[in-house]
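# Inside the fold
This is what each chain is made of:
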Amino acid sequence: MEGAVLAAVGQGDVESLSFANAQGFDHQALIGVLKSLLADGYVQMEAVDHEGWKLTEEGEACVSKGSPEAQVFALVKQEGSDKDEIEKLAGALAKVGLSQCMQSKWLRVDKAQGGKIFKETDKIEDLVQKQLSDVKNGVFPPKADLDKLKKRKLITAANYKTYNIKKGPDYAPVRTKAAADITAEMIADGSWKTQKFKPYNFDALGQDACAGRLHPLLKVRAQFREIFLEMGFEEMPTNRFVETSFWNFDALFQPQAHPARDMQDTFFIKDPSTTLRIPQEYMEKVKSTHEKGDCVTGGPQDPLATPIGSLGYRNTWNIVEAEKNLLRTHTTAISAQMLYKLAQMDKFEPKKFFSIDRVFRNETLDATHLAEFHQIEGLVVDRNLALGDLMGMIQAFFEKLGLKDIRFKPTYNPYTEPSMEIFHWHEGLNKYVEVGNSGMFRPEMLRPMGFPEDVTCIAWGLSLERPTMILYKIDNIRDLFGHKVDLHMIKTNPICRLVK
Ligand code: PHE
């Protein structure tokens, strides 16, 4: 087809439809070929719009079987027929057929004879059938008739285009395909000098790099880690998920009757269900602090122990509760162990610790809660730190992340006093959302470890998920983490965020 077109255009201008008919080509297929030739400059084309019509299914039926009125007319007997009889024979066509016949005065109803139907004429001409078969052949009747056929839903509009074709700027009688790439052979045999090349497509997006992508959580985690390292924090070893109730709760002065220790809130481990190792001497101090408040002695750093001045929970502390294994509910369980270790050293040394790792809570899942999430935890232990140090530290910390609008709200934690929740404005949810929790560790937690009286510890914990949701404008935590995450999200989220 391509060769025939190029040859014809070489002779003079060509009109697509008549050319297709003369050559026996499908017009649509010809247009395809022309468009491809146009793209390479072989031809120029000018579109011409035409009004066209085509038959509906009913129209097609009229062409093959006659119009409904002609069919109905044929059913009426010379001596007249009952309406019922015609309706029975003509079926669905009866209604239109009869009414058209009456309009054309082909039939009449004789009221005097009980509504019997008689022919008014012997012969009819089925003009509708003729016009429809003309339409089928591309010959259209006058507008008034077309409108009638359209109204009867026998034809519908089918506009079409034809093209006037001329030689293009790069016309040649034979098409040579432009090459996309230069090859070693072309260079070797010199054919590159005459070879036509396709122009560069600077709008092409390029191939998708088939590489792994970092999940937004990992990117934000790397950012947090960097912030901590910049601020001089050391990373705590958090590489185990199973903890004992002792480090997760008791060491933190969380009462044994606390609701968080319930199965509804915490995942306990069945096998092994208990631990064997709790430092004996320290455990005795934790026990007495829980029961009486006054832990008797300090550690190596606090030889002249003074009473804490606390009343404790005034309850019996039971080792059976402390020995229970669980999936840690917060990384503060690790902080407690790090602090305990620090207190065992001969001389006190100030420290800044952080960790970012997974924690587990038996939560009802919703838009902002999952049963497992990542906790970021920071703590500074030094002499005479105060609440202002904590607020300043948190402010500086969040600001480094680009989150400036921080609010504090007093709250309660068993292991901190005072305690503050941290809030940040969320654009997507249009409200302040809690991004973290913080406080100063209680003396009931620090003193049994063996720290001197003037050593205080400021600490805060937050989820990695919340700030990630704020930074990536994600409204539902289940779109970020867990089995419902769309893998496409990981591919399409920006490689880096540009912060204004
Ligand atoms: N452990 C707390 C939590 O799970 C966070 C926290 C850490 C609070 C340190 C105060 C101090 O929310």
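The preceding data block contains the structure.
First, a word on scope: everything that follows refers to the structure included in this document. Note that the structure is predicted; figures quoted are calculated from it, not measured.

## Some words on the packing of aromatic side chains
Counting across every chain of the model gives 21 aromatic pairs. Here Y200 and F202 contribute two aromatic rings whose centre-to-centre distance is 5.9 Å and whose plane-to-plane angle is 40°, an arrangement assigned as tilted. When sorted by exposure, Y200 lands in the same class as F202, which is exposed. Ring centres of F246 and Y282 lie 5.6 Å apart, and the angle between their planes is 85°; on these two criteria the pair is classed as edge-to-face. With a gap of 36 residues between them, F246 in helix 12 (residues 245–248) and Y282 in helix 13 (residues 280–292) connect regions that are remote in the sequence. A relative accessible area of 0% places F246 in the buried class. In textbook terms, an aromatic cluster arises when at least three aromatic residues are bridged by ring pairs, as seen for F224, F228, F233, F354, F397, F398 and W460. The positively charged end of K119 is found above the aromatic ring belonging to F73, 4.6 Å away from the centroid. Across from the ring centre of F268, 5.9 Å away, lies the NZ or CZ of K324, which sits over that ring.

## What to know about the site of the ligand
Residues in contact with the ligand amount to 13 residues; listed here are only the nearest, H330, T332, R361, Q375 and Y415. Take H330: an N or O atom from its side chain is 3.0 Å from a nitrogen atom of the ligand. Within the side chain of R361, a nitrogen or oxygen atom sits 2.6 Å from an oxygen atom of the ligand. For the shell around the ligand, the secondary-structure elements that each account for two or more residues are strand 15 (431–441) and strand 16 (455–463).

## Looking at helix 15 (residues 332–343)
Taking 1.5 Å of rise per residue, 12 residues should cover 16 Å, and helix 15 covers 16 Å from first to last C-alpha, within 8% of that figure. Buried residues dominate helix 15, accounting for 11 of its 12 residues. When we look at burial in helix 15, the residues that qualify are T332, A333, I334, S335, A336, Q337, M338, L339, Y340, L342 and A343.

## Considerations on unusual backbone geometry
Most peptide bonds take the trans form, and the phi angle of most residues other than glycine is negative. The omega torsion of the bond from D271 to P272 falls at 0°, within 30 degrees of zero and hence cis. With respect to the secondary-structure elements, P272 resides in the loop between helix 12 and helix 13. Even without glycine at this site, K153 takes up a positive phi of about 60°. Since its relative accessible area comes to 57%, K153 is described here as exposed.

Rules used throughout
Residues numbered from 1 in each chain as written. Predicted model: local features only at pLDDT ≥ 70, side-chain atom pairs only at ≥ 80, totals over all residues. Heavy atoms only, no water. Phe/Tyr/Trp six-rings, centres within 6.5 Å; stacked < 30°, edge-to-face > 60°. Buried < 20%, exposed > 50% of the residue type's maximum accessible area, 1.4 Å probe, protein only. Helix = DSSP H or I, 4+ residues; strand = E, 2+ residues; numbered from the N terminus. Lys NZ or Arg CZ within 6 Å of the ring centre and 35° of its normal. Near = heavy atom within 4 Å. Polar contact = N/O pair within 3.5 Å; in protein donor to acceptor, adjacent residues only side chain to side chain. Expected span 1.5 Å × (residues − 1).

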